[in-house]
Amino acid sequence: MKKILAATTALLASAVAAQAEGTLNLFNWGNYTSPELLEKFTEETGITVTVTDYDSNTTALAKVEAGGSGFDLVVPSANYVPIYLEKGLLAELDMSKLSNHGNIAAEWKDVAWDPGRKFTVPWQWGTTGMAVNTTVYGGDVNTSDIFLDPPEELVGKVNVVPEMNDIMALAIFNAGGEACTEDLELLKGVRDKLMAAKPKWISMDYGTTDKLSSGDYVATVNWNGSTMRARLNNPDVVYGYPKEGYPLWMDSVGLLADATNVEEAYKFLDFIMVPENAAMISSFARYANGIEGSDPFMPEEMKTAPEIVVPEEFAAAGKFLPTCPQSATDLYTAIWTELVK
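Keep in mind that what you see is a predicted model, and the values were worked out from it rather than measured. (Residues numbered from 1 in each chain as written. Predicted model: local features only at pLDDT ≥ 70, side-chain atom pairs only at ≥ 80, totals over all residues. Heavy atoms only, no water.)

Chemist: Where do I start with the nonpolar core in this structure?
Modeler: The tendency in soluble globular proteins is for nonpolar side chains to be buried side by side. Counting 94 residues, the largest nonpolar core has Phe147, Leu194 and Phe268 as its most contacted members. Contacts of Leu194, omitting those with residues within four sequence positions, involve Phe147, Leu148, Ile167, Met168, Ala171, Trp201, Ile335 and Leu339. (Core = buried A, V, L, I, M, F, W, Y, C linked by side-chain atoms within 4.5 Å. Buried < 20%, exposed > 50% of the residue type's maximum accessible area, 1.4 Å probe, protein only. Contact = heavy atoms within 4.5 Å.)

Take a look at the structure:
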């Protein structure tokens, strides 16, 4: 009898352990997921997370839309969430499984791209601007002319990140237009300016942090957190807010409609809404998060960092990009396709 009881106990223990373990497939922007966060999550839940990187919203959407990706969670930007919803690619969240949903900060609870936060939870948010090495360039850093009309000392030394919406928005704002414009005359001017500028660039590369740190890139269109990470390695790097206008963005995590590891995904979504854990993401990626109560856990240097605290004189120039109608997207895609050939 004792042997039977011992065997039964061992089987039950094994079953509980197996139930606690699992896998999760996260599809996220490159160099954007804290390894320490994943280690902590695995330690607490027994769930192993596999992260697959992408370098643009369009790349991620195309992969997910093709189906059969095997991904459970994806991290689209604000203006892409409605596209995922329209295509039926995200599952509505079961709030009974998200005990920390109430930790979402008030300003991020009822957002235009996901009213009531029924499909996504916050990951990080920030700005898209210019990063420049001041040992080479001593001019105005708060202008998108740096990549649209590079000064002589930057010719052949400028990188442009391969995110269509950000680049098109910066170029349109520079030309005096608004996001989602379908003004053909203005867009012709934007197209001509981009095409004239491209020969003066060195690359269209997503991985800017290390190359800014090392000096391989002297200037680049870049995101604020990536620039802060580079500046902590190389104090000659500064971040500029284009006075002509620049994008604001928030990336949010959504559960894919065809996810297979659903319970594991819910545990991860709930985990990243714990203030201390949200701060771990920010500590790694160097962007703000949307979770109330995370401030005490944030690195001190982020609280006053020029890449995080937008100067008052440039605050009004930052704009969240709306989801453009398909007619506008088609126009931008045509320009982008020609640009990246």
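The structure having been displayed, the exposition proceeds.
Chemist: Sorry if this is basic, but what is going on with the state of the cysteines here?
Modeler: Defined simply, a disulfide is a covalent bond joining two cysteines at their sulfur atoms. Scanning the model with the defined rule gives one disulfide in all. The disulfide bridge from Cys180 ends at Cys324, spanning 2.1 Å between sulfur atoms. On the sign convention where negative means left-handed, the S-S torsion of about -90° between Cys180 and Cys324 marks this disulfide as left-handed. Pair noted here: Cys180 is in the loop between helix H6 (164-174) and helix H7 (184-197) and Cys324 is in the loop between strand S10 (318-320) and helix H13 (326-339), with a separation of 144 residues, a long-range link. (Disulfide = S-S within 2.5 Å. Helix = DSSP H or I, 4+ residues; strand = E, 2+ residues; numbered from the N terminus.)

Chemist: Can you help me understand the packing of H6 against H7 in this one?
Modeler: Angle between the axes and distance between the axes are the two parameters that describe a pair of packed helices. Where H6 contacts H7, the two axes come as close as 10 Å, and the packing angle between them is 115°. Overall, the two elements H6 and H7 adopt an arrangement that is roughly perpendicular. The way H6 lies across H7 gives a crossing that is right-handed. Residues Ile167, Met168, Ala171, Ile172 and Asn174 of H6 touch H7, and the partners they reach there are Leu186, Leu187, Val190, Lys193 and Leu194. (Axes fitted to C-alpha atoms, helices over the stretch in contact; angles between N-to-C directions. Parallel < 35°, antiparallel > 145°, perpendicular 65-115°, else oblique. Left-handed = near helix turned anticlockwise from the far one by under 90°.)

Chemist: What's the story with the environment of Asp166 in this structure? I'm lost.
Modeler: One can find Asp166 in helix H6. Looking at Asp166, the relative accessible area reads 7%, which means it is buried. Note: C-alpha distance between Asp166 and Met204 (38 residues apart in sequence) is 13 Å. The contact partners of Asp166, leaving out residues within four places of it in the chain, are Thr128, Trp223, Pro247 and Leu321. Looking at Asp166, its side chain comes within polar contact range of the side chain of Trp223, at 2.9 Å. (Polar contact = N/O pair within 3.5 Å; in protein donor to acceptor, adjacent residues only side chain to side chain.)

Chemist: Explain the environment of Lys188 here, please?
Modeler: Here Lys188 is to be found in helix H7. Residues Lys188 and Glu338 lie 150 residues apart in sequence; the distance between their C-alpha atoms is 13 Å.

Chemist: Looking at this structure, I do not really get the packing of helix H2 (residues 35-45) against helix H11 (residues 275-285). What am I missing?
Modeler: For the pair H2 and H11, the least separation of the axes is 8 Å and the interaxial angle reads 150°. When the axes of H2 and H11 are compared, the pair comes out roughly antiparallel. Of the residues in H11, those touching H2 at Pro35, Glu36, Leu37 and Lys40 are Glu276, Asn277, Met280, Ile281 and Phe284. When its residues are assigned to classes, the contact of H2 with H11 shows five nonpolar, one polar and three charged. (Nonpolar A, V, L, I, M, F, W, Y, C, P; charged D, E, K, R; others polar.)

Chemist: Help me understand the confidence of the model for the chain, please; the structure alone is not making it clear to me.
Modeler: Reading fine detail from the predicted coordinates is not recommended where pLDDT is low. Residues at a pLDDT of 70 or more form 94% of the chain, whose mean pLDDT is 94. Residue range residues 1-20 is modelled with pLDDT below 50. Its contacts to residues more than four positions away, or to other chains, number three contacts. (pLDDT = per-residue confidence, 0-100.)

Chemist: I'm lost on the packing of aromatic side chains in this one. Help?
Modeler: How two aromatic rings sit relative to each other is given by the distance of their centres and the angle of their planes. Applying the stated rule across the entire model yields 18 aromatic pairs. Consider the rings of Trp108 and Trp125, whose centres lie 5.2 Å apart with planes at 50°: the pair is tilted. Here Trp108 is found in the loop between helix H4 (81-86) and strand S4 (120-133), whereas its partner Trp125 is found in strand S4, with 17 residues between them in sequence. Of the residues examined, Trp125 reaches a relative accessible area of 27% and is grouped as partly exposed. Put simply, the rings of Phe27, Trp29, Tyr54, Phe71, Tyr206 and Trp223 pair up and form one aromatic cluster. In this arrangement the basic side chain of Arg229 is found over the ring face of Phe284, its NZ or CZ atom lying 4.5 Å from the centre. (Phe/Tyr/Trp six-rings, centres within 6.5 Å; stacked < 30°, edge-to-face > 60°. Lys NZ or Arg CZ within 6 Å of the ring centre and 35° of its normal.)

Chemist: Is there a simple way to explain H11 in this structure?
Modeler: Residue pairs spaced three or four apart in an α-helix point in one direction, given the helix's 3.6 residues per turn. Along H11, eight of the eleven residues are buried, which leaves the element largely enclosed by surrounding structure. Of all the positions in H11, only Pro275, Asn277, Ala278, Ala279, Ile281, Ser282, Phe284 and Ala285 are classed as buried. The inward-facing, buried residues of H11 abut H2, S4, helix H9 (224-233) and helix H10 (262-271). Once H11 ends, the next one or two residues include Arg286, with phi positive near 70°.

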